[in-house]
Amino acid sequence: RNVLRVCYGAMLLFHMLWTTAITKIVSYLPLGLRTRQGIGLVMVQMAWRLALWFSPWISLEATEDFSEQWSLIHSFMAEAHAEAVEKGEPLKPLFVLGNHQSFCDIIFAVVTTPLQAIWRSRTYMDYHLFKLPVLSTICRSVGHFPVYFKTTEPGVFKVDAEKMAEVEKEVDVHLSEGGLLCFYPEGQTNKNPDTLLPFRYGGMKKALDFDARIVNLVFHGNQTVWPLKFQMGGYPCKVRYSIRPFAPQGAKAFVEMARAEGVKEEREMEDHVLLARRAHELMQVQYDALAGMASKANGKKKA
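Residues numbered from 1 in each chain as written. Predicted model: local features only at pLDDT ≥ 70, side-chain atom pairs only at ≥ 80, totals over all residues. Heavy atoms only, no water.

## Observations regarding empty space enclosed by the protein
Next up, step 1: Inspection of every chain in the model, using the stated rule, returns one cavity of 30 Å³ or more.
Next up, step 2: Each pocket or cavity is described by its volume, and for the largest cavity that value is around 50 Å³.
Next up, step 3: Taken together, Gly98, Asn99, Asp105, Ala109, Cys182, Tyr184, Leu217, Phe219 and Asn222 make up the lining of the largest cavity.
Next up, step 4: For the lining of the largest cavity, the secondary structure elements donating two or more residues are helix H4 (105-112) and strand E6 (213-220). (1 Å grid on protein atoms, 1.4 Å probe; cavity = no way out; pocket = protein on both sides within 12 Å on 5 of 7 lines; lining within 4 Å. Points joined across faces, edges and corners; volume = space filled by probe spheres on them. Helix = DSSP H or I, 4+ residues; strand = E, 2+ residues; numbered from the N terminus.)

Quick look at the structure:
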């Protein structure tokens, strides 16, 4: 198993090195900023896919309706785009929420996202990752957003308000252009991924501010591939994943629909709290379904 982990680490490093070189070259080309960033993201996706292709002991298995769900997502985003253009309003963004259990979460999210979506995808990343060799060049080249935490203490999320104010201006521009924002509302890697941590409210407030369309992209098994506190992953595992839209008409319409149900404990909740609660419930159900698939498959193997 350790040999496999070393092999995966070598594959990942090799492909990230040539990706870093290409994205650096692209950054000097006379192209628009978004085009350069999009090319960089496509290169990263290709590199990570190749690393997994050369590591067949790690397999990713989507639910049968994964492609169908993405087609649905592209469809309602196209409708939202057309409506915004017709009304002369800013474009509506797409928020992709994920469960956070391992360092490989972002790797698997990138390799499974369609090209049409990955081109305009961005995420938040701890500023310390922008200081790491190789990864820092990629993060800056593709336009990801740094998060300036005041402390590295686990579970403490205090940020430098002044620095983050400037970052959020860039995020707002990305969202107003109809960009895709992928983030993990748990706010930290979960030591017990079978039970989701409470969702933080910042992303929910942002979703309501921009009336974002929202989907959940959920994985099961990532922590087996790359355990917490391990500097390198690569252990054998079949990872299962699915995607489910839950606010295809926008965050505001979703909250309005939820309030119409008249759930007693939600009556006094602020909109962003209600949105976080419902998103958490839906993601937990989605994760449990994937866990059930894995358990059923393992049961068949033992039989």
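Once you've had a look at it, read on.
## Regarding the packing of helix H1 (residues 2-26) against helix H2 (residues 33-53)
Next up, step 1: Running from amino to carboxyl end, H1 crosses H2 at an angle of 165 degrees, the nearest separation of the two axes being 9 Å. In terms of orientation, H1 lies roughly antiparallel with respect to H2. Relative to H2, H1 is oriented so that their crossing is right-handed. Residues Tyr8, Met11, Leu12, His15, Met16, Trp18, Thr19, Ile22, Thr23 and Val26 of H1 form the contact with H2, whose participating residues are Arg36, Ile39, Gly40, Met43, Val44, Met46, Ala47, Trp48, Leu50, Ala51 and Leu52.
Next up, step 2: Looking at the contact of H1 with H2 residue by residue, the classes come out as 16 nonpolar, four polar and one charged. (Axes fitted to C-alpha atoms, helices over the stretch in contact; angles between N-to-C directions. Parallel < 35°, antiparallel > 145°, perpendicular 65-115°, else oblique. Left-handed = near helix turned anticlockwise from the far one by under 90°. Contact = heavy atoms within 4.5 Å. Nonpolar A, V, L, I, M, F, W, Y, C, P; charged D, E, K, R; others polar.)

## Some thoughts on the pattern of salt bridges
A side chain of one charge can pair with a side chain of the opposite charge when the charged atoms of the two come close.
Next up, step 1: The full count for this structure, using the stated rule, is 15 salt bridges.
Next up, step 2: Glu168 is the salt-bridge partner of Lys206, the closest N and O atoms lying 2.8 Å from each other. A residue pair is termed long-range when its members are at least 10 positions apart, and Lys206 in helix H8 (residues 202-209) and Glu168 in helix H7 (residues 161-176) qualify at 38 residues.
Next up, step 3: Here Asp172 ties to Lys206 by a salt bridge, and the two come within 2.8 Å at their closest N and O atoms. Taken together, the residues span a long stretch of sequence, with Asp172 in helix H7 and Lys206 in helix H8 at a distance of 34 residues.
Next up, step 4: Take Asp172: its relative accessible area is 28%, and that puts it in the partly exposed class.
Next up, step 5: According to the relative accessible area criterion, Lys206 is buried, its value standing at 14%.
Next up, step 6: Through salt bridges that share partners, Glu261, Glu265, Glu266, Arg277, Arg278 and Glu281 make up one connected network. (Salt bridge = Lys/Arg side-chain N within 4 Å of Asp/Glu carboxyl O. Buried < 20%, exposed > 50% of the residue type's maximum accessible area, 1.4 Å probe, protein only.)

## Re the side chain of His15
Next up, step 1: You can see His15 is positioned in helix H1.
Next up, step 2: With residues up to four places along the chain from it excluded, the contact list for His15 reads Ala47, Leu50, Ala51 and Phe54.

## Focus on H7
Along an α-helix, a turn takes 3.6 residues, which lines up residues three or four apart on a common side.
Next up, step 1: Its 16 residues give H7 an end-to-end C-alpha distance of 22 Å, which sits within 8% of 22 Å, the value for a rise of 1.5 Å per residue.
Next up, step 2: Listing the buried residues of H7 in full gives Met164, Val167, Val171, His174 and Leu175. Viewed along the axis of H7, the buried residues span an arc of 90 degrees, placing them on a single side of the element. Pointing more than 90 degrees away from the buried face of H7 are the exposed residues Glu162 and Lys169.
Next up, step 3: If you follow the buried residues of H7, they end up packed against H2, strand E2 (94-98), strand E3 (121-126), strand E4 (145-147), strand E5 (180-183) and H8.
Next up, step 4: Sitting at the amino-terminal end of H7 is Asp160, which places a side-chain oxygen 3.2 Å from the backbone nitrogen of Glu162.
Next up, step 5: Trailing H7 by a residue or two, Gly178 shows a phi angle of about 80 degrees, which is positive. (Expected span 1.5 Å × (residues − 1). Arc of directions from axis to C-beta. Polar contact = N/O pair within 3.5 Å; in protein donor to acceptor, adjacent residues only side chain to side chain.)

## Observations concerning the sheet that holds E6
Next up, step 1: Strand order in the open sheet made by the seven strands is E1-E7-E6-E2-E5-E3-E4, with mixed pairing throughout. The two strands at the open ends of the sheet, each matched to only one other strand, are strand E1 (58-62) and E4. In this sheet, adjacent strand axes meet at a mean angle of 25 degrees when their direction is disregarded.
Next up, step 2: Pairing of E2 with E6 involves five bridges; the strand directions are parallel. Across the sheet, Gly98 pairs through a bridge with Leu217, a residue of E6.
Next up, step 3: Of the strands in this sheet, E1 and E3 are in contact with H2, which crosses E3 at around 75 degrees.
Next up, step 4: Where H7 meets the sheet, it contacts E2, E3, E4 and E5, and its direction lies at approximately 150 degrees from that of E4. (Pairing = 2+ DSSP bridges.)

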